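# Close look at the chain arrangement
Listed below, chain by chain, are the residues.
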Amino acid sequence: MPDRPTTRTRIAIIGAGLSGLYAAYLLGAQGIQDYGLLEARDSPGGRIASTSLETAGKPAAAAGCFDLGATWFWPDIQPELDRLVRALELHRFAQHETGDLLIERSAMSAPQRTRAFQVVPTSMRLAGGMRALIDALCT
């Protein structure tokens, strides 16, 4: 009987949003490096988008970014995400619930000032914005 050629498992991850980056992270944790991560956009992150006017090009943790997509998460409701944030040693803090806040409902109207409100369960944010999560998964 002839020898069979040795085959390697090849994995394609479509999309470098949070799910795709997390899939790559989990593969790496298992020692699997034979995968490709395909992304249509110029940068990873998907709907987790952040910007900074002063420090473009710097990592989110150093930039003081502003979240344009996902902004906070709920550890009580999203324990898997909380475990990932902790495993990556990202600094998290409770969403401020006192004072005033500005809400921009449309690009066609001015932001509106309103009183902050308490959220139950407590929502958490990441230092450097949610972009810090994407940056940590990309390293």
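That block above? That's the structure.
Residues numbered from 1 in each chain as written. Predicted model: local features only at pLDDT ≥ 70, side-chain atom pairs only at ≥ 80, totals over all residues. Heavy atoms only, no water.

## So, the environment of D135
- Looking at the secondary structure, you find D135 in helix α4 (residues 131-138).
- Owing to a relative accessible area of 22%, D135 belongs among the partly exposed residues under this scheme.
- Residues D135 and L21, spaced 114 residues apart in sequence, show a C-alpha to C-alpha distance of 9.9 Å. (Helix = DSSP H or I, 4+ residues; strand = E, 2+ residues; numbered from the N terminus. Buried < 20%, exposed > 50% of the residue type's maximum accessible area, 1.4 Å probe, protein only.)

## Let's talk about the nonpolar core
- F73, L88, L90, L126 and L133 are the most contacted members of the largest nonpolar core, which has 16 residues in total.
- Within the residue set of this core, elements represented by two or more residues are α3 (79-87), β8 (124-126) and α4.
- Among the elements that line this core, the one with the most residues is α4, at 4 residues. (Core = buried A, V, L, I, M, F, W, Y, C linked by side-chain atoms within 4.5 Å.)

## Description of the side chain of D67
- Mapping D67 onto the fold places it in strand β4 (residues 66-67).
- Residue D67 is classed as buried on the basis of its relative accessible area of 17%.
- A distance of 2.9 Å separates a polar side-chain atom of D67 from the backbone nitrogen of M130.
- For D67, the residues in contact, after removing those within four places along its chain, are A49, S50, R125, G129, M130 and R131. (Polar contact = N/O pair within 3.5 Å; in protein donor to acceptor, adjacent residues only side chain to side chain. Contact = heavy atoms within 4.5 Å.)

## Details of the packing of helix α1 (residues 18-29) against α4
- For the pair α1 and α4, interaxial distance at closest approach is 9 Å and the crossing angle is 35°. Considering the relative orientation of α1 and α4, their crossing is left-handed. Residue-level inspection shows L18, L21, Y22 and Y25 of α1 in contact with α4, the latter providing L133, I134, L137 and C138.
- For the contact of α1 with α4, the residue count by class is 8 nonpolar, no polar and no charged. (Axes fitted to C-alpha atoms, helices over the stretch in contact; angles between N-to-C directions. Left-handed = near helix turned anticlockwise from the far one by under 90°. Nonpolar A, V, L, I, M, F, W, Y, C, P; charged D, E, K, R; others polar.)

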